[in-house]
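So you can see what is in the structure, the chains are spelled out below.
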Amino acid sequence: MSIQENYKEYAETLQKHGATLVAVSKTKSVAQLQEAYEAGCRIFGENKVQEMTAKQEALPNDIQWHLIGHLQTNKVKYLAPYVHLIHSIDSLKLLKEINKQAAKYDRTIEGLLQIHIAQEESKYGLSFEEAKELLHSEAIKSFNNAKIVGLMGMATFTEDTIQVKEEFERLRDFFEEVKAYQLPHIDCRILSMGMSGDYEIALQAGSNLVRIGSAIFGERA
Ligand SMILES: *Cc1c(COP(=O)(O)O)cnc(C)c1O
């Protein structure tokens, strides 16, 4: 199947579940992104700031760019002029820098707190406790140009679907908990969960933003 056909199929499936598709295009060429664009794709996810910025400059302006990979504080300035959503906020220090850089462009940048739900050591993210602390901090109230609008998580890479389901459900429960705090400076509406291998489980667990790469663009080298 072509990129265009894959994109259309996934976009339709997710729409039926009331979820939005982020086409994860990391390592793929501008020509490949252009193919997805022609099939109607307007949301692309990248995991490296430099690569995303180069693609943003080469492709049409009506694309929403999502950063899904780990973000270093010193790279925020490069994506601040254009980024639509940052999925990987994992510290107050990073949020503070996003606020500072967004202010320079008179924008408000929206972001998700990345929560560590997997058992693997290697994945980034905050614990539920750390996230609670950050959400209730004094500092976060003063960030007029950076806003938390939800949560992101990656499940353990395993065949054990029960475990994956439990991890996603734990994050979904925390998402509901954060909503119930009704914090005036937080707009908890986006739950980013699911990739090519586990998006069906994520949708069942309540995901409303799904990040799909290889199933659309093919395996990465
Ligand atoms: C690469 C990546 C994806 C997409 O992975 P696929 O398995 O190719 O769908 C989703 N989320 C994050 C954070 C990623 O880094």
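Predicted model, so just to flag it, every value in this text is computed and none were measured. Residue positions are given per chain, counting from 1 as you read along its sequence in written order. A pLDDT threshold of at least 70 governs which residues receive local features in this predicted model, and a stricter bar of 80 or more applies before side-chain atom pairs are shown or counted, although totals over entire chains, interfaces and linings include all residues. Calculation of side-chain values draws on the structure's entire complement of heavy atoms; hydrogens and water are dropped beforehand.

**Q** Got a minute to help me understand helix α1 (residues 3-16) in this structure?
**A** Given 3.6 residues per turn, any residue in an α-helix points the same way as the ones three and four places further on. Counted at 1.5 Å a residue, the expected span for α1 with its 14 residues is 20 Å, and the 20 Å between its end C-alpha atoms agrees. Contacts were defined at the residue level, with two residues in contact if any of their heavy atoms lie within 4.5 Å. Helix numbering and strand numbering both begin at the N terminus, where a helix is a DSSP run of H or I of at least 4 residues and a strand a DSSP run of E of at least 2. The inward-facing, buried residues of α1 abut β1 (20-24), α2 (30-38), α8 (199-204), β8 (209-212) and α9 (214-217). At the exit of α1 stands G18, carrying a positive phi of roughly 70 degrees. Given the number of residues in a helix, its expected span is that number minus one, multiplied by 1.5 Å.

**Q** Would you explain the environment of N208 in this entry?
**A** Position of N208 relative to the elements: it lies in the loop between α8 and β8. Note: C-alpha distance between N208 and L21 (187 residues apart in sequence) is 8.6 Å. Discounting residues that sit within four places of it in the chain, N208 has contacts with G18, A19, T20, R189, I190 and L191. As used in this structure description, the phrase polar contact means that two N or O atoms lie within 3.5 Å; if the pair is within protein, one of them must be able to donate a hydrogen and the other to accept it, and residues adjacent in sequence are counted only when both atoms belong to side chains. A distance of 3.0 Å separates a polar side-chain atom of N208 from the backbone oxygen of R189.

**Q** What am I meant to see in the pairing of strand β3 (residues 64-67) here?
**A** Along any regular strand, the residues point their side chains to alternate faces of the sheet. Note: strand β2 (residues 43-46) against β3, four bridges, orientation parallel. Its bridge partner being in β3, F44 is matched across the sheet by W65. A crossover links β2 with its parallel partner β3, the connecting element being helix α3 (residues 49-58), and its sense is right-handed. Summarising the sheet, β3 and strand β4 (residues 85-89) pair through two bridges and their orientation is parallel. Two strands are said to pair when DSSP picks up at least two bridges between them. Crossover handedness is defined here as right-handed if the route from the first strand over the helix to the second strand goes clockwise, with the strands pointing away from the viewer.

**Q** I keep staring at a positive patch on the surface and nothing clicks. Help me out?
**A** Taken together, the side chains of K77, K96, K100 and K104 make up a positively charged region of the molecular surface. In terms of residue count, helix α5 (residues 92-104) provides more of the positive patch than any other element does, three residues in total. Relative to the elements of secondary structure, K104 occurs in helix α5. Each residue is assigned to one of three classes by its accessible area relative to the maximum for its type, calculated with a 1.4 Å probe on protein chains only: buried under 20%, partly exposed between the two thresholds, exposed over 50%. K104 sits in the exposed class, given a relative accessible area of 56%. Patches here: salt-bridge-free residues with over 30% relative accessible area, like charges joined within 9 Å, nonpolar side chains (Val, Leu, Ile, Met, Phe, Trp, Tyr) joined within 5 Å. Each accessible area is a Shrake-Rupley estimate made with a 1.4 Å probe; only the visible protein chains count as cover when residues are assessed. What makes a salt bridge here is a side-chain nitrogen of Lys or Arg within 4 Å of a carboxyl oxygen of Asp or Glu, nothing more. Charged residues are defined narrowly, with Lys and Arg counted positive, Asp and Glu counted negative, and His plus the chain ends left uncounted. Lysine's charge is taken at NZ, arginine's at CZ, aspartate's at CG and glutamate's at CD.

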